[in-house]
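These are the residues of each chain, in order.
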Amino acid sequence: MYSNGAASGDDSSSSHRIVDFRSDTVSVPTPNMRKAIYEATVGDDVYGEDPTVIELERRSAELFGKEAALFVPTGTMANLLAVMVHCGRRGSEAIVGDAAHVFLYEQGGAAQLAGVLLHTIKNKPDGTFCLKELPNMFRGFDVHEPITNLVLVENTHNMCGGKVLPLQWLEDLAQICKRNSAKVHMDGARVFNAAEYLGVPVSRVVRDVDSVCFCLSKGLACPVGSVLLGTKDFIKQAHRLRKALGGGMRQVGFLAAAGLCALDEIVPKLTDDHRRTRAVAEAIAALESSIFKVDLENLHTNILMVNIASDRLKSDQFSARLAQVKQQELDDGLVDSAGKGISVKVSARDWSFSRIVVYTNITDEEVELAIRKIKYVIEEYQIELK
């Protein structure tokens, strides 16, 4: 499907032009990144001798204003390590939003592997949760209860549509946690998008949390990896536990080189992802559809939720139709400059919405092609479901 280093685009083996909006995880390394990978100086990272990993960790810690950093294979491992370090006793508890990735999509690793209970609090549509409710959720004052050691937040918030957490809210949250002797960990898989939206350094976004991780293999287009950050003592403990989880890697500087390249090449261009996402949203909003709705006012970053207001249409049906190319649309001229039909891939499950995610490999041309296809399909459904 993929060719010429692009996650979307013209696949010469296909009769269709594919624009893949399913996730920024389908992004692929840029030519500069591939060159950096090829030329990387490497060593044994388990021995602490890989100079490229050392540099990625040093630079990440500097950017985030934290004492130390640790390169790990995945964001899921980074979040699990944070839980394991902050909740050092099995049977302790972490509070997390009910729409958080840690709770929904990491297989309950906190319980399965760390013996830590995840206690959910309802997420608001903006990705936050009620700070008036939170103080009543801390436990451990009675021998019958688990001890609450940690609160987890997600920034940007995936299932809330890429929302950015307000800085004041984070500061207030940190103060509540300190009063209750609990730590705060930020799942910052897309935290650079949050910094871009707010117009502040990423160090400001994470100032009030005890630990944070960011993903290299989503919108930053690296093939593998995340970085976990915190105090030196926290990272020392996480480094030991990483080995137990099978995360000790050897000549991994090849992957770290991609991360260093991403910090220079991709992070400054995240504003383009946000602009292109808004272009799609504005095109859908302009249709004034009674079925397909977007929240333009609260669109923050590179994730767009297309809400489907019909009991007769499921998100997976909408997704399948966008990916399909029918003869009628070819006859109607819905093709690219080479005469190929347009196939748009979006994310859908048992949701009342479909998710669109834009990333660095998506071009302005592909956005325009996708908009044409999405508008065509929406207008088709408007007639069909009238």
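Thresholds, definitions, all that
Residues numbered from 1 in each chain as written. Predicted model: local features only at pLDDT ≥ 70, side-chain atom pairs only at ≥ 80, totals over all residues. Heavy atoms only, no water. UniProt positions renumbered as here; feature names shortened; annotations may be inferred. Helix = DSSP H or I, 4+ residues; strand = E, 2+ residues; numbered from the N terminus. Salt bridge = Lys/Arg side-chain N within 4 Å of Asp/Glu carboxyl O. Buried < 20%, exposed > 50% of the residue type's maximum accessible area, 1.4 Å probe, protein only. Expected span 1.5 Å × (residues − 1). 1 Å grid on protein atoms, 1.4 Å probe; cavity = no way out; pocket = protein on both sides within 12 Å on 5 of 7 lines; lining within 4 Å. Points joined across faces, edges and corners; volume = space filled by probe spheres on them. Nonpolar A, V, L, I, M, F, W, Y, C, P; charged D, E, K, R; others polar. Axes fitted to C-alpha atoms, helices over the stretch in contact; angles between N-to-C directions. Parallel < 35°, antiparallel > 145°, perpendicular 65-115°, else oblique. Contact = heavy atoms within 4.5 Å. Pairing = 2+ DSSP bridges. Disulfide = S-S within 2.5 Å. Left-handed = near helix turned anticlockwise from the far one by under 90°.

Per UniProt, the protein carries the Sequence similarities (unreviewed entry) text "Belongs to the threonine aldolase family." Entered under Cofactor (unreviewed entry) in the UniProt record, the comment concerning the protein runs "pyridoxal 5'-phosphate".

The next thing to look at is the UniProt feature "domain: Aromatic amino acid beta-eliminating lyase/threonine aldolase" (unreviewed entry) in the protein. In the numbering used here, UniProt assigns the feature "domain: Aromatic amino acid beta-eliminating lyase/threonine aldolase" (unreviewed entry) to residues 20–303. As a span, residues 20–303 carries 40% helix and 14% strand, and end to end its C-alpha atoms are 13 Å apart.

Moving on, we come to the pattern of salt bridges. Opposite charge on two side chains lets them pair, provided their charged atoms get close. Counting across every chain of the model gives 21 salt bridges. The closest approach of N and O atoms between Glu380 and Arg321, which form a salt bridge, is 2.7 Å. Linking Glu380 in helix H14 (residues 364–384) with Arg321 in helix H12 (residues 315–323), this pair joins segments that are 59 residues apart in sequence. Note on Glu380: relative accessible area 24%, which makes it partly exposed.

In a regular helix each residue adds 1.5 Å, so 12 residues correspond to 16 Å; helix H3 (residues 75–86) covers 17 Å between its end C-alpha atoms and thus fits that length. With 11 of 12 residues buried, H3 is to be regarded as a mostly interior element. Along H3, the positions that sit buried rather than exposed are Gly75, Met77, Ala78, Asn79, Leu80, Leu81, Ala82, Val83, Met84, Val85 and His86.

Going through the model one piece at a time under the given rule, you end up with 2 cavities of 30 Å³ or more. Lining the largest cavity are Ala189, Arg190, Val191, Phe192, Asn193, Cys215, Lys218, Gly219, Leu220 and Leu270. With 3 residues, the single largest contributor to the lining of the largest cavity is helix H7 (residues 191–198). Here the lining of the largest cavity is built from residues that sort into 6 nonpolar, 2 polar and 2 charged.

This next bit is on the packing of H7 against helix H11 (residues 270–286). Closest axis-to-axis distance for the H7/H11 pair is 9 Å, and the angle between their directions is 80°. Accordingly, the angle class assigned to the pair H7 and H11 is roughly perpendicular. Between H7, through Phe192, Asn193, Glu196 and Tyr197, and H11, the contact on the second element is made entirely by Leu270, Thr271 and His274. Here the contact of H7 with H11 is composed, by residue class, of 3 nonpolar, 3 polar and 1 charged.

Let's shift gears to the sheet that holds strand E5 (residues 117–121). Sheets are built from strands paired through backbone hydrogen bonds, the pairs being either parallel or antiparallel. Spatial strand order, E3-E9-E8-E7-E6-E4-E5: 7 strands in an open sheet with mixed pairing. Single-partner strands in this sheet number two, and they are strand E3 (68–72) and E5. Averaged over all pairs of adjacent strands, the angle between their axes in this sheet comes to 20°, without regard to strand direction. Pairing of strand E7 (residues 183–187) with strand E8 (residues 211–215) involves 3 bridges; the strand directions are parallel. Paired with Met186 across the bridge in E8 is Val212. In this fold helix H6 (residues 167–179) packs onto strand E6 (148–154) and E7, with an angle of close to 170° to the strand it touches most, E6.

Further remarks concern the sheet that holds strand E10 (residues 292–293). As summarised here, the arrangement of the 3 strands in space is E10-E11-E13, forming an open sheet in which the pairing is antiparallel. Of all the strands in the sheet, just E10 and strand E13 (353–357) have a single pairing partner and so form its edges. Across 5 bridges, strand E11 (residues 303–308) lies against E13 in antiparallel orientation. Opposite Met305, over in E13, you have Arg355 as the bridge partner. Helix-sheet contacts for H11 involve E10, E11 and E13, and the interaxial angle to E11 is about 20°.

Moving on: the UniProt feature "modified residue: N6-(pyridoxal phosphate)lysine" (unreviewed entry) in the protein. Per the UniProt record, "modified residue: N6-(pyridoxal phosphate)lysine" (unreviewed entry) is found at Lys218. For Lys218, the position within the fold is in the loop between E8 and strand E9 (226–230). Apart from residues lying up to four places away in sequence, Lys218 is in contact with Asp24, Thr25, Ser27, Ala189 and Arg190.

Tallied over the full model, the rule gives 0 disulfides. For Cys215, which is in no disulfide, the shortest distance to another cysteine sulfur is to Cys213 and amounts to 8.2 Å. The thiol of Cys222 is unpaired, and the distance to the nearest cysteine sulfur, on Cys261, comes to 7.6 Å.

It is worth spelling out the layout of surface pockets at this point. Quantified by volume, the largest pocket comes out at close to 430 Å³. Surrounding the largest pocket, 27 residues form its lining, Thr25, His101, Asn158, Arg190 and Lys218 being those nearest its centre. Contributing elements (two or more residues each) for the lining of the largest pocket: H3 and E8. Among the elements that make up the lining of the largest pocket, the one with the highest residue count is H3 (3 residues).

Before going further, it helps to spend a moment on the packing of H3 against helix H9 (residues 232–244). Axis separation between H3 and H9 bottoms out at 9 Å; the angle between their running directions is 115°. Between H3 and H9 lies a crossing of right-handed hand. Contacts from Met77, Leu81, Ala82, Met84, Val85 and His86 in H3 reach Phe234, Gln237, Ala238, Leu241 and Arg242 in H9. Here the contact of H3 with H9 is built from residues that sort into 8 nonpolar, 2 polar and 1 charged.

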